[in-house]
Amino acid sequence: MIPRLAEAKESDRAALGKLLLLAAQIAKKLELAGGYRVVINNGPDAGESVPHLHVHLLGKRALAWPPG
C-alpha cells in the first residue's frame, strides 16, 4: 500500500501508472468525454483524512480553475 503520493517510491512506478490508466478507463465507462479531473489529495491540508493513495474522478459538469 502507498500511504500517500509524497511517500511513493521508484518501485511504485508501475502501480501509479496503473492507477492513472484505470482512472481513464473508468472515465470512459462513465462517458466523461467532455472532460474530467483526476485529483490526488496529499496530506491533511489537501483534505486527506485517511492516509491511503486513491484518486477522485470529477466530471459531468464544468469545473472551474483554480479549484477549491
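Residues numbered from 1 in each chain as written. Predicted model: local features only at pLDDT ≥ 70, side-chain atom pairs only at ≥ 80, totals over all residues. Heavy atoms only, no water.

1. A look at the confidence of the model for the protein chain
Interpretation of this model should avoid reading the predicted coordinates in detail wherever pLDDT is low. When pLDDT is averaged along the protein chain, the result is 93, and 99% of the positions lie at 70 or above. Ranking the elements of the protein chain by mean pLDDT puts strand 2 (residues 56–59) last, at 94, and helix 1 (residues 13–29) first, at 97. (pLDDT = per-residue confidence, 0-100. Helix = DSSP H or I, 4+ residues; strand = E, 2+ residues; numbered from the N terminus.)

2. Some words on helix 1
Here helix 1 contains 17 residues, and its C-alpha end-to-end distance of 25 Å stays within 8% of the 24 Å for a straight helix at 1.5 Å per residue. Within two residues after helix 1, Glu31 carries a phi angle of roughly 60 degrees, on the positive side. (Expected span 1.5 Å × (residues − 1).)

3. Structural notes on the pattern of salt bridges
Applying the stated criterion to the full structure yields three salt bridges. For Glu7, the salt bridge is made with Arg4, and the minimal N-O distance between the two is 3.3 Å. Here Arg4 and Glu48 are joined by a salt bridge, their closest N and O atoms 2.7 Å apart. Linking Arg4 in the segment before helix 1 with Glu48 in the loop between strand 1 (36–39) and strand 2, this pair joins segments that are 44 residues apart in sequence. Under the relative-accessibility criterion, Glu48 is labelled buried at 9%. Look at the salt bridges and you will find they share partners, linking Arg4, Glu7 and Glu48 into a network. (Salt bridge = Lys/Arg side-chain N within 4 Å of Asp/Glu carboxyl O. Buried < 20%, exposed > 50% of the residue type's maximum accessible area, 1.4 Å probe, protein only.)

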